[in-house]
Amino acid sequence: MSTVSGDAVPDGRCFHCGEALPRNRSWPVQVLGKAQQTCCPGCQAACTTIVDLGLENYYLHRDQYSARPGDAPVPDDLFANVSDTALAETGYVANGKDDAGGETRECTLIVDDLRCAACGWLIEKSLNAMPGVTQASVNVSSGRVRVQWLADRIQLRDVLLRVRRLGYRVLPFRGGTGSRLDIERRNSLLRLVVAGFGMMQVMHVAVGFYGDAAQSMGIEHRDYLRVISAFVTTPVVFYSGWPFLRNAWLSLRNGTPGMDVPVALAILLAYFASLWAVAVEGPEVWFDSVVMFVFFLLVGRHLELEARRKATRVVDNLSAALPLVATRLRDNREEVVPASQLRPGDLVRVTAGETIPADGVVLEGEGHVNEAMLTGESLPVRHGPGSTLTGGCTSVDGVFRINVTASPANGRLSRIVDMVNSAQAGKPALQELADRISTHFVVVLLLLTVLSWVLWQFIDPSRAFWIALAVLVVSCPCALSLATPAAYTVATNHLTGRGLLVTRGQGLAVLPDVRAVVFDKTGTLTEGRPTVIDFRSFAAMDEARAREIAAALEHDSEHPLARAFRRTDRDDPLRATQLRVVPGRGIEGVVDGARYRIGARAWAGATDFCRTDAATSPGEGAWVWLADGETMLAAFRVSDTPRPDARQVVHALQAAGLDVHLLSGDASGEAERFARDTGIRHVRAGASPEEKVAYLHALREQGGGPVLMVGDGVNDAPVLSAADVSFAIGEGTDLARGAADAVLLRAHLGLVPDAIATATATRRTIRQNLGWALAYNISMIPLAMAGLVPPWLASLGMSLSSLVVVVNALAIERRADRVLYRTAPAAHNRATKPGEAGSR
Amino acid sequence: MSALYFLIPMSLLVLGGAIGMFIWSLRKGQYDDLQGPAHRIIFDEREDQVRRDRQE
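Residues numbered from 1 in each chain as written. Chains lettered and ligands numbered in written order. Predicted model: local features only at pLDDT ≥ 70, side-chain atom pairs only at ≥ 80, totals over all residues. Heavy atoms only, no water.

Colleague: Would you mind going over the overall build of chain A with me for this structure?
Modeller: Helix and strand counts for chain A come out as 28 helices and 29 strands. When contacts within chain A are restricted to residue pairs at least 6 apart in sequence, those whose partners lie at least 24 apart make up 69%. Summing over all exposed atoms, chain A offers an accessible surface of approximately 34800 Å²; the carbon and sulfur share of this is 56%. (Helix = DSSP H or I, 4+ residues; strand = E, 2+ residues; numbered from the N terminus. Contact = heavy atoms within 4.5 Å. Areas by Shrake-Rupley, 256 points an atom, 1.4 Å probe, with all protein chains shown as cover.)

See the structure below:
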């Protein structure tokens, strides 16, 4: 993704998408009073639409090239079978009324390629200018658009067409106006702000108490300040602190007391003890410690929530993989129905480029189907009568008549989602070190409190109550409870800065113990897109020339293998004319006056089999053939290539004593070859999602340690959520990202050892923190029991002990680099160019 | 010191007002998208102005 400054597009580049212009021709546009060139009719159409709508300022403001809209202009009937009523039945479209009583409809759209704020502005402006649209608003962060329109004026299909015409791929989104996570985030933000404001107020009153060590303040003023503190602290405890109180109560009721119990106990104890002191004019209050404690805890929780939201930009988006409507055949008539109404036994028709609406068996038709979504394989698979198709996959070039075998709700894709959910629920709850310590600690603490009260009954009964209370509060496990979350917050932020978004803090706790790392192949260790890796010439044609001709022929092809030829080094690529696409065979066209064919061997040039056979041994990838109609000219071996740092990372992990496994859905033998190349010793190829989960469980039982899984596709989602800890590749599917504990924002595999190092440093810091917190509490308790801790010191000590824990956590970044250097020097791969991550 | 009896309640009122305004902005969805609005204000500038800035 390259950047652009306004309308200053360099010569020889498409004004709209920034790709190199073809040599022979271009498609002109008139933008901002200047003549500009575009690379294809698709870009020309999108650009013209933008200009005609009077929104050409978009080009001044964008800081990135626009996404390529597709080669041809968008046909009028693209969304012809999208019907509002069918979508309202399935919950995509909501009905409503506007102020004038007119009937309105509302829908949330997902827009792909929403790259920068200027895109958001463009879509919002153009929709709001559309007659019949009452309101449209774009959320750039989440890539969603909310649009409301008058039911009697226009239909959703008009809205979709308008957005598509601007050059963006768009889909309706089920889930209403705000997802659960959005609401959760708003609440969390408000809790945080209330706690923050409360803390400022209470602290500045508390400074008065700290400064008054000599107790010279008048009783009247003192009580007044106390009441004010109590007044401000109350909402902080019961509103901001509510998640902790509720979780503590729920976990107690379920008989599984976790870390929230001592936290809630500390909050409530300190709060009610202070209230009591206000009421009976006791010697000390601790409101400052309470608010500070709540605020620090909330900051950590909020950051985790924010990370989770960023990772699953579109939550529960899997339904978008299935089409909304299907073409059903009944009594020799075609009718368009909501896909969710399909039942086993229905006949549906799927044409080239369409997504298969439900699982089924092919009755008629032949062609390639792209199953990348399911198996992770980038190369499409050929299907014919009798073979089984899975809903959600896309037909590349075939027209099929399909007998539906399962309704979408019971289909394979839905089963995978179910597996993700159940795997997540079945994950063993992690008992943190701090949990174990603090539970014992609280019990001991309560006993000591009682003990000191009893003892002081014999010494000085009038002081007994206050001393018991001081013991309780001084030893309050604030620092203890903060020790772990503070460290995780810092570690999470550190990793985010490096490009690893940690969505579940728990994952970090397991990472230092991990004994085995399991990688998926396609899209994880490899780039997930085809490239030319080998070349054979059979005539006097050099590779550069052959590639240029291939690039010209394949330029407009939607076939996945065509992407291997897209990149040319020349600024003025060749252009093919008289193109003819033969589905399932290849492409024919005229380049520089000569006619060429590219594609399957038998079709490209059926002659001289023997000569070409010997040169092209079977092996990795697929061969694509180039011929001039009579003789075979050249052949390209096209395959997925490993990521540049794959081998290095595998070695680094093995050097650190970890077992590295390759777990792939690909059954073609490439997994084994790939493993040999990268030095991975354990391989399992051709595994279905179910088998992947089984493999993982077996591995855990044998190896006797937690397993880290790294994957990217929908087929990886169940195994990602079943693993003890899992990373997803950021370019992967939404489902995979939602199932994983962390997401690699940059396709930098070096982040895997990085994360392990950081987690190790984090664990060390947590241990230090716990040690310090315990030492502080243990040394203060006897003093408090002896009645030697003056109230101001108790209060200051509590706040300071929490601060020490937080400050110590900040040292994690430095420690992580040291750990990294010691255990896995090779993993610190700074050589890879950072720009590569976003190039897709 | 009696000023405290007036000033602190005043500061609490201001605090309440601040939180009230925050709630209002939260409900309005002002924190839902932290990227788009930051740029939106620039787009409605006059185009010749933008062009001049770019040339400088």
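Colleague: Help me out: how do you make sense of the overall build of chain B in this one?
Modeller: Within chain B, the secondary structure is distributed over three helices and zero strands. Written out in order from the N terminus, the α and β elements of chain B read α-α-α. Counting over 56 residues, chain B shows a buried share of 21%. When the accessible surface of chain B is totalled, it reaches about 4200 Å², and 63% of it is carbon and sulfur. (Buried < 20%, exposed > 50% of the residue type's maximum accessible area, 1.4 Å probe, protein only.)

Colleague: Explanation requested: a nonpolar patch on the surface in the structure shown.
Modeller: Residue and element names in this part refer to chain A. A cluster of nonpolar side chains, Trp 276, Val 280, Val 450, Leu 451, Trp 453, Val 454, Leu 455, Phe 458, Ile 459 and Phe 465, forms an exposed patch at the surface whose accessible area comes to about 990 Å². Going through the elements one at a time, helix 9 (260-280) and helix 13 (433-459) are the ones with two or more residues in the nonpolar patch. Per-element tally for the nonpolar patch: the top contributor is helix 13, with seven residues. Tracing the backbone shows Ile 459 in helix 13. With relative accessibility at 58%, the residue Ile 459 sits in the exposed group. (Patch = residues over 30% accessible without salt bridge, like charges linked within 9 Å, V, L, I, M, F, W, Y side chains within 5 Å. Salt bridge = Lys/Arg side-chain N within 4 Å of Asp/Glu carboxyl O.)

Colleague: What am I meant to see in the sheet that holds strand 20 (residues 577-582) of chain A here?
Modeller: All names here are of chain A. Reading across from one edge, 19-24-23-22-21-20 is the order of the six strands in this open sheet, with antiparallel pairing throughout. Every interior strand has two partners, whereas the edge strands, strand 19 (526-537) and strand 20, have only one. On average, each strand axis in the sheet is tilted by 20° relative to the strand beside it, whichever way the strands run. As paired strands, strand 21 (residues 586-591) and strand 22 (residues 594-599) are joined by six bridges and run antiparallel to one another. Note that in strand 22 the partner of Gly 586 across the bridge is Gly 599. Seen against the sheet, helix 18 (residues 543-554) touches strand 19, strand 20, strand 21, strand 22, strand 23 (622-627) and strand 24 (632-642) and runs at an angle of roughly 110° to strand 21. (Pairing = 2+ DSSP bridges. Axes fitted to C-alpha atoms, helices over the stretch in contact; angles between N-to-C directions.)

Colleague: What is the right way to look at the nonpolar core in this model?
Modeller: The tendency in soluble globular proteins is for nonpolar side chains to be buried side by side. Residues and elements named next belong to chain A. Core analysis: the biggest nonpolar cluster contains 111 residues, and Leu 511, Phe 519, Leu 653, Leu 708 and Phe 727 have the highest contact counts within it. Among residues more than four places away in sequence, those in contact with Phe 727 are Leu 500, Leu 511, Leu 708, Met 709, Val 710, Gly 711, Leu 720, Ala 740, Ala 742, Leu 744, Val 752 and Ala 755. One finds Val 31, Leu 60, Tyr 92 and Tyr 168 within the second-largest nonpolar core, a separate group that totals 47 residues. (Core = buried A, V, L, I, M, F, W, Y, C linked by side-chain atoms within 4.5 Å.)

Colleague: Would you mind going over the packing of aromatic side chains with me for this structure?
Modeller: Each aromatic ring pair is summarised here by two numbers: the centre-to-centre distance and the angle between the ring planes. All names here are of chain A. Evaluation of the coordinates by the stated rule reveals eleven aromatic pairs over all chains. Between Phe 238 and Phe 272, the ring centres sit 6.4 Å apart and the planes meet at 65°, which makes this aromatic pair edge-to-face. Of this pair, Phe 238 sits in helix 7 (residues 219-240) while Phe 272 sits in helix 9, placing them 34 residues apart in sequence. Residue classification places Phe 238 among the partly exposed residues on the basis of a relative accessible area of 36%. (Phe/Tyr/Trp six-rings, centres within 6.5 Å; stacked < 30°, edge-to-face > 60°.)

Colleague: It is not clear to me how helix 7 of chain A should be interpreted in this structure. Could you clarify?
Modeller: Two residues of an α-helix separated by three or four positions point the same way, owing to the 3.6 residues in each turn. Here helix 7 of chain A spans 31 Å end to end across 22 residues, near enough to the 32 Å set by a 1.5 Å rise per residue. Remark: the principal bend of helix 7 of chain A, roughly 25°, maps to Thr 233 of chain A, with a proline, Pro 235 of chain A, within the next four residues. (Expected span 1.5 Å × (residues − 1). Bend = angle between axes of the 7 residues up to and from the residue.)

Colleague: For this particular structure, what's the right way to read the confidence of the model for chain A?
Modeller: Interpretation of the predicted coordinates at a detailed level should be avoided for regions scoring low in pLDDT. All names here are of chain A. Of the residues in chain A, 79% have a pLDDT of 70 or more, and the chain-wide mean is 77. Across chain A, the element-wise mean pLDDT spans from 54 in helix 20 (residues 609-615) up to 91 in helix 7. Every residue in residues 312-320 is under pLDDT 50, and counting partners more than four places away or in other chains gives 27 contacts. Confidence over residues 821-840 falls short of pLDDT 50; this stretch has 28 contacts with residues more than four positions distant or in other chains. (pLDDT = per-residue confidence, 0-100.)

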